[in-house]
Each structure stands twice: as structure tokens, then as C-alpha cells.
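# Results of the structural survey
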Amino acid sequence: RCGTLYVATERQQSSSRHAGRRMMLSRSIRLLHSNKALDAARSAGLLPSLSLSPSNIQNETTTTTTSQLQQYRTKKTKTGSRGSRGHGWYTLYRSNRGGRHLQGAYYDRDVSKLQSLNEEVFALGAPEFVYLDISVGSTDEDNNNKDEKKKKVGRVVIQLASAALPTTCANFKALCCATPSPPNSTNNDEGGDEIGYLHTKAHLIDKTVGIAFGDVLHNNGISGKCHPSISSPSTFSFPDEPKVLAHCTQGMVSMLSPGAHSNDSRFLIQIVDDAPHLDGRYVSFGRVVENMDFLMENVVKGVFTKRGRPTVDVKIIGCGVYEEGEDKVAA
């Protein structure tokens with residue numbers, strides 16, 4: 001069987017070699033006989049005579065094919081474009097030139113100017129502040145205070161841009177002032193069906209963007225509901241307000257809406273210095289003015305996450321309107 005396969009392979013190779021020779025010879029003869037103008041020029045003595053030796057036929061065929069290929073390449077690259085980035089793209093890229101083509105979509109973003117515009121927006125009207133008392137660690141009552149030493153608590157103070165974004169700030173403030181009942185409580189006298197940020201947890205920690213809070217319905221980030229005073233009781237969201245604040249500073253607070261004109265109760269605290277991809281998508285309405293270090297040290301760096309889900313409870317155990325002069329919760 002092996003010998004038969006070997007003989008068949010040799011026969012195939014031999015036939016392919018003969019076929020290639022016949023094809024090259026027929027192509028050369030067809031080229032010579034079809035070009036009548038070239039033969040006439042040679043007979044008139046304008047061109048040197050060509051002997052019909054196999055070496056000359058092969059050389060002329062190779063020369064013709066090479067010249068045609070050079071013309072084709074010149075035609076394809078005569079514009080001088082080597083790929084979509086062009087000649088010298090790396091030099092332009094290293095020197096911060098080339099515009100959006102090389103430097104990215106946000107190459108001309110002036111962060112200092114955006115920060116000054118944010119300051120002007122926050123300076124409108126009387127300043128309003130709210131606070132969130134956030135605990136990091138297990139807070140279940142069933143543990144009988146076994147993890148009390150591991151639990152860390154800090155008060156985060158947020159300034160609201162109420163003059164520029166009255167509806168969004170009113171919704172956030174109302175949810176902070178609400179007193180809902182604990183999740184496992186059966187006593188309706190403690191708050192009834194009222195919704196608010198109290199007892200809610202952080203459902204997502206993206207260490208390249210921010211910390212997400214505010215699911216007042218299921219406490220896992222899949223839903224949310226605005227305060228009933230903002231819209232009708234049957235409506236879960238309210239429309240967007242002008243996006244006048246840019247995400248150009250660490251600590252910006254924005255509504256975490258699933259789409260346009262669908263703001264509910266979920267919000268995001270930015271933990272990076274600049275997040276231009278959030279501009280135009282989420283409505284920013286506030287900023288953290290106190291105790292941002294507590295979030296960075298104990299939540300961002302101190303909490304292990306699995307696909308963005310924190311492995312320990314990051315819970316809001318207190319919230320409301322912050323009055324200047326109040327004592328901070330010790331971290």
C-alpha cells in the first residue's frame with residue numbers, strides 16, 4: 001500500500017511538471033504570434049531579431065510579467081498611502097499630532113476649562129448638601145456583632161447643583177430623606193412602602209469608572225424607581241435634564257440611567273479623574289466634597305469584587321440633608 005501511494009505521488013508530480021511546462025510554452029508561443037506589431041518592427045529592422053530559443057522565450061515572458069506587476073503596484077500606491085494611518089503616523093502620534101485620526105476621540109478635550117465650567121454651575125444659587133453614611137463589611141444582625149471590628153463606616157458629603165438641575169437634585173434629596181423599612185422587617189410602622197436610599201447596597205464597583213448605588217426595589221442593580229413626589233406613583237422614571245456638568249473630576253455624582261429620559265434612583269460616584277465617555281450619556285448633578293478618601297481606600301482598594309459585584313456589603317446605613325457644622329462619622 002505504501003509503495004502504491006509512493007508511485008501515485010510520483011506520477012502526480014511528474015504530470016504536474018509536464019503540465020506546467022506545456023502551459024509556459026503555449027503562453028510564450030501565443031504571446032509571440034499574437035503580437036504582430038512587434039514582429040513587423042523586428043522585420044523592418046527597428047528592433048533586434050529574437051531567436052526562438054527556450055531561454056529567450058522564458059526571459060521575455062518574465063520581463064513582461066515583471067513590468068506589468070510594477071505598473072500595477074505603481075497604480076495602486078501612487079497616492080502614497082501606506083495603510084489607513086498614512087506615512088509618518090508614528091512620529092505624529094508621539095508628538096501629540098494627527099488629531100482624532102491618531103490621538104483618539106477626546107484628543108482636544110480641555111479638562112481645565114471643563115472644571116471651571118463645573119465650578120460656575122455649582123456656584124449658581126444657594127449650596128445644598130446631602131450625606132451618605134456608608135459602611136464597608138458585614139452588617140447582618142444575625143452575626144451577633146462578630147464582624148463589628150471589621151466594619152468601617154464613613155460619611156460622604158455630596159454637593160448638589162440644584163439651581164441648574166432642580167428635578168434631578170430634588171429626586172436625589174427626597175430619596176435621601178426618606179425612611180424606608182429595613183429589608184427583612186415585617187413592621188410597616190417603620191416606613192411602610194416608602195422608598196429611599198437607606199439600607200441599600202452598592203451593586204457594582206467598576207474600578208475604572210465608579211461605584212454604583214441606588215437600587216431601591218431589588219437592591220441588586222436591575223431596577224430602580226424615582227421618588228413619588230417627582231412623578232406619578234405609577235411612573236418609575238423621569239426625563240433627562242440638561243447635561244451641563246462634565247465628568248472631568250473625581251467624585252462627580254451622576255444618574256445611572258439605562259437609557260435616554262429614564263432616570264430613576266440609581267446613581268454613580270465617579271472614582272477616576274476623567275471619564276469623557278460618560279458625558280452626554282448620564283446626567284451629572286453633584287460632586288463629593290468630603291471624605292472621598294474613605295471611598296478610595298476602603299471601597300475601591302479595600303473591597304474584592306467578582307465581575308464587578310462586591311464580595312462584602314457596601315451599605316448605606318444613614319442619609320439625609322447635611323447641615324454645615326455637623327460631626328462626621330468616624331471611619
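Data block above holds the structure.
These remarks concern the structure in this document.

### So, the overall build of the protein
Summing up its helical and strand segments, the protein has 8 helices and 10 strands in all. Within the span of the protein, comprising 331 residues, buried residues form 36% of the whole. In the protein, once contacts between residues fewer than 6 apart in sequence are set aside, the share between residues at least 24 apart is 66%. Of the accessible surface of the protein, which amounts to about 20,300 Å², a share of 51% is contributed by carbon and sulfur atoms.

### So, unusual backbone geometry
If you check the backbone angles, Asn96 has positive phi at about 60 degrees while not being a glycine. Its place among the elements puts Asn96 in the loop between helix H4 (89–94) and helix H5 (100–103). You can call Asn96 exposed: its relative accessible area is 63%. With phi around 55 degrees, His261 is a residue other than glycine that occupies positive phi space.

### Quick look at helix H8 (residues 292–300)
Counting buried positions along H8 gives 7 out of 9 residues, so the element sits mostly inside the fold. All of the buried residues in H8 are Met292, Phe294, Leu295, Met296, Asn298, Val299 and Val300.

### Considering helix H7 (residues 166–177)
With 12 residues, H7 should cover 16 Å at 1.5 Å per step; its first-to-last C-alpha distance of 16 Å lies within 8% of that length. Listed in full, the buried residues belonging to H7 are Thr168, Cys169, Asn171, Phe172, Ala174, Leu175 and Cys176. Its buried side turned inward, H7 meets strand S1 (128–136), strand S2 (152–160), strand S5 (252–255), strand S6 (267–270), strand S7 (284–290) and strand S10 (314–321).

### Concerning the packing of aromatic side chains
What the rule picks out here adds up to 6 aromatic pairs. Here the aromatic rings of Trp89 and Tyr90 are separated by 5.6 Å at their centres, their planes lie at 80 degrees, and the arrangement is edge-to-face. The exposure class of Trp89 is partly exposed, given its relative accessible area of 29%. By relative accessible area, which is 45% here, Tyr90 ends up partly exposed. With centroids separated by 5.1 Å and ring planes inclined at 65 degrees, the aromatic side chains of Tyr197 and Phe267 adopt a geometry described as edge-to-face. Of this pair, Tyr197 sits in the loop between H7 and strand S3 (204–206) while Phe267 sits in strand S6, and the two are 70 residues apart along the sequence. For the residue pair Tyr197 and Phe267, the accessibility class agrees, reading buried in each case.

The rules we used
- Residues numbered from 1 in each chain as written.
- Predicted model: local features only at pLDDT ≥ 70, side-chain atom pairs only at ≥ 80, totals over all residues.
- Heavy atoms only, no water.
- Helix = DSSP H or I, 4+ residues; strand = E, 2+ residues; numbered from the N terminus.
- Buried < 20%, exposed > 50% of the residue type's maximum accessible area, 1.4 Å probe, protein only.
- Contact = heavy atoms within 4.5 Å.
- Areas by Shrake-Rupley, 256 points an atom, 1.4 Å probe, with all protein chains shown as cover.
- Expected span 1.5 Å × (residues − 1).
- Phe/Tyr/Trp six-rings, centres within 6.5 Å; stacked < 30°, edge-to-face > 60°.

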